[in-house]
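The lines below spell out each chain.
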Amino acid sequence: MSAAGMVSFTVPEIKELSQRALIRAGLSADDAVVVTEVYLEAELWGRKTHGFRLIPWTLEQMKGRKIGEIKVDQETPVSALLDGGNRHGCVVAHRAMTMAIDKARQTGIGVVGIHNAGNIGMVGYYVKLATDEGLIGIAMGHTPAVVVPYGGAEPILGTNPLAVGVPAKPYPIILDMGTSAVTYHQVMMAKAMGQPLPPNCALDKHGRPTTSPEEAVEEGIRFLPFGDHKGSGLSLMIEILAGCWTNSPVGAEKTGEVRNYFFSSLFMAMQPELLLPRHQFEAKVRVLTDRIKASKPAAGFEAIRLPGERGQQSRERLLQAGVLEVDAATAAYLRGEK
């Protein structure tokens, strides 16, 4: 039985519905497969804020934009900068990480940036592509200005997510985090469900702390960085690497209505053998993670989990069950009812 307001689908059913919805909106069949895979993984990992509910929102960002081919602006044996041609962000990001992985196989390291793309969904998906090939992966995204720098009241930075993946067993270690105290999609979900935001996540239009999702997005969007100056500083560095370095709009260049080209990203893949023989690196990682897992949990915790462990366990459970739930509005959109 589905929870209130939720609709159940088998995994094959929701994949087919997603692909059909994307094709109806004008995406090619190949692009629809890639986008569906990214959102499906988010759902399986328990990241519904980055799942199928993003489809209508990301497609709206693409409206009115001339869609072209993904082009290589410049390239070296270890790097590349791609112009996404305003294609769906997930498609461009998938191409970029695949390219970084290929370069890492040949040279030991691959660094690929993208611009003129759009929202790329769950950044952890892309580093998992690298760890599946036995590589270390890093991905970071630069987004529209919705986060105030520490001590400020005016949004200048993006939510600027970061993911790092390391091959390990039984699961790769996947850190996937935003640098804002809350994401835009979490706020929209809270607003839709009539729920408050956690404290210390957002400001109202007067620069005062608020837990109201409506006030947080009234006359602009004002989220706080996580961890005060630490999150603010990390977000700035990501903005420089994934924004400035990829020749994307930053600062005063990304004001006004949110545009598809306000998003850009950077992807890296590296062979462990750059510094150590693979077996030695894997053994050292295992020594560290075994120690963490064997350590005493704090009060209120049953066990200590590594980054990405909970999500990958969720993925296994949901695939075994074969059923996913999405909210009624998303289900109606996928069915073509709205």
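In case you missed it, the structure is sitting above this.
Conventions and cut-offs
Residues numbered from 1 in each chain as written. Predicted model: local features only at pLDDT ≥ 70, side-chain atom pairs only at ≥ 80, totals over all residues. Heavy atoms only, no water. 1 Å grid on protein atoms, 1.4 Å probe; cavity = no way out; pocket = protein on both sides within 12 Å on 5 of 7 lines; lining within 4 Å. Points joined across faces, edges and corners; volume = space filled by probe spheres on them. Helix = DSSP H or I, 4+ residues; strand = E, 2+ residues; numbered from the N terminus. Nonpolar A, V, L, I, M, F, W, Y, C, P; charged D, E, K, R; others polar. Polar contact = N/O pair within 3.5 Å; in protein donor to acceptor, adjacent residues only side chain to side chain. Contact = heavy atoms within 4.5 Å. Pairing = 2+ DSSP bridges. Axes fitted to C-alpha atoms, helices over the stretch in contact; angles between N-to-C directions. Buried < 20%, exposed > 50% of the residue type's maximum accessible area, 1.4 Å probe, protein only. Core = buried A, V, L, I, M, F, W, Y, C linked by side-chain atoms within 4.5 Å. Arc of directions from axis to C-beta. Parallel < 35°, antiparallel > 145°, perpendicular 65-115°, else oblique. Phe/Tyr/Trp six-rings, centres within 6.5 Å; stacked < 30°, edge-to-face > 60°. Patch = residues over 30% accessible without salt bridge, like charges linked within 9 Å, V, L, I, M, F, W, Y side chains within 5 Å. Areas by Shrake-Rupley, 256 points an atom, 1.4 Å probe, with all protein chains shown as cover. Salt bridge = Lys/Arg side-chain N within 4 Å of Asp/Glu carboxyl O.

Caption draft 1: Examining the layout of surface pockets more closely. In this model, the largest pocket occupies a volume close to 890 Å³. Forming the boundary of the largest pocket are 46 residues, of which Arg-47, Thr-49, His-50, Asp-176 and Thr-183 lie nearest the centre. Sorting the residues of the lining of the largest pocket by element identifies α3 (54–62), β5 (136–142), β7 (173–177), α6 (184–193), β10 (264–270) and α10 (309–321) as the ones contributing at least two each. Within the lining of the largest pocket, the residues separate by chemical class into 19 nonpolar, 21 polar and six charged. One number sums up the size of the second largest pocket: a volume of about 410 Å³. Arg-53, Met-189, Asp-327, Ala-329 and Thr-330 are the residues nearest the centre of the second largest pocket, which is lined by 18 residues in total. Secondary structure elements with two or more residues in the lining of the second largest pocket: α6, β11 (323–327) and α11 (328–334).

Caption draft 2: A look at the side chain of Ser-232. As for its position among the elements, Ser-232 is in helix α8 (residues 229–244). At a separation of 3.0 Å, a polar atom in the side chain of Ser-232 contacts the main-chain amide nitrogen of Tyr-150. The contact partners of Ser-232, leaving out residues within four places of it in the chain, are Pro-149, Tyr-150, Leu-157, Pro-225 and Phe-226.

Caption draft 3: Quick look at the sheet that holds β5. Strand order in the open sheet formed by seven strands is β2-β3-β4-β10-β5-β6-β7, with mixed pairing between adjacent strands. The open sheet has two free edges, formed respectively by β2 (71–75) and β7, since each of these has just one partner strand. For this sheet, the mean inter-axis angle between neighbouring strands, taken without regard to orientation, is 10 degrees. The pairing of strand β3 (residues 79–83) with strand β4 (residues 109–115) spans five bridges and is parallel. Bridge pairing in β4 links Asp-83 to His-115.

Caption draft 4: Structural context of the environment of Gly-243. Secondary-structure assignment places Gly-243 in helix α8. Accessibility expressed as a relative area gives 0% for Gly-243, which makes it buried. Residues Gly-243 and Ala-117, 126 residues apart in the sequence, show an inter-C-alpha distance of 12 Å. Leave out the neighbours within four places in its chain, and Gly-243 touches His-142, Ile-238, Ser-248, Val-250 and Ser-264.

Caption draft 5: Fine view of the side chain of Thr-330. As for its position among the elements, Thr-330 is in helix α11. Residues in contact with Thr-330, not counting those within four places in the same chain, are Phe-52 and Arg-53.

Caption draft 6: Quick peek at the nonpolar core. Counting residues in each nonpolar core, the largest one holds 57 residues, and the members touching the most others are Tyr-39, Phe-52, Ile-55, Met-97, Ile-114, Tyr-126 and Phe-267. Considering every element that reaches this core, the biggest residue donor is helix α4 (residues 89–107), with ten residues. Not counting residues within four places of it along the chain, the set of residues in contact with Phe-52 comprises Ile-14, Ser-18, Thr-36, Tyr-39, Leu-40, Glu-43, Val-326, Thr-330 and Leu-334.

Caption draft 7: Spatial organisation of the environment of Gly-110. Structurally, Gly-110 can be placed in strand β4. A C-alpha to C-alpha distance of 32 Å links Gly-110 and Pro-155, two positions 45 residues apart in sequence. Contact partners of Gly-110, with chain neighbours within four places excluded, come to Val-78, Ala-100, Lys-103, Ala-104, Phe-267, Met-268 and Ala-269.

Caption draft 8: A look at α3. Every buried residue belonging to α3 is among Leu-54, Ile-55, Thr-58, Leu-59, Gln-61 and Met-62, and all of these are buried. Seen end-on, α3 carries its buried residues on one side only, within an arc spanning 155 degrees. Contacts from the buried residues of α3 go to α1 (11–24), α2 (29–44), α6 and α11. In the segment just after α3, Gly-64 is the residue with positive phi, at about 80 degrees.

Caption draft 9: How the structure looks around the packing of α2 against α4. As a packed pair, α2 and α4 sit with axes 8 Å apart at the nearest point and diverge in direction by 90 degrees. Relative to α4, the element α2 lies roughly perpendicular. Where α2 approaches α4, its residues Asp-31, Val-34, Val-35, Val-38 and Tyr-39 are matched on the opposing element by Cys-90, Val-91 and His-94. Classifying every residue of the contact of α2 with α4 gives six nonpolar, one polar and one charged.

Caption draft 10: Structural view of the packing of aromatic side chains. By the definition in use, this model includes four aromatic pairs. A ring pair is formed by Tyr-125 and Tyr-126, whose centres lie 5.1 Å apart and whose planes are at 90 degrees; its orientation type is edge-to-face. Judged by its relative accessible area of 9%, Tyr-125 is buried. Taking 5.6 Å as the distance between ring centres and 65 degrees as the angle between the ring planes, the aromatic pair formed by Tyr-126 and Phe-267 counts as edge-to-face. Note that Tyr-126 is positioned in helix α5 (residues 124–131) and Phe-267 in strand β10, a separation of 141 residues in sequence. In this structure, Tyr-126 and Phe-267 share a single accessibility class: buried. Of the aromatic side chains, those joined through ring pairs into one cluster are Trp-57, Tyr-184 and Phe-263.

Caption draft 11: Region of the structure containing a nonpolar patch on the surface. There is a patch of nonpolar side chains on the surface, built from Leu-236, Met-237, Ile-240, Leu-241 and Trp-245 and spanning about 480 Å² of accessible area. You can see Trp-245 is positioned in the loop between α8 and β10.

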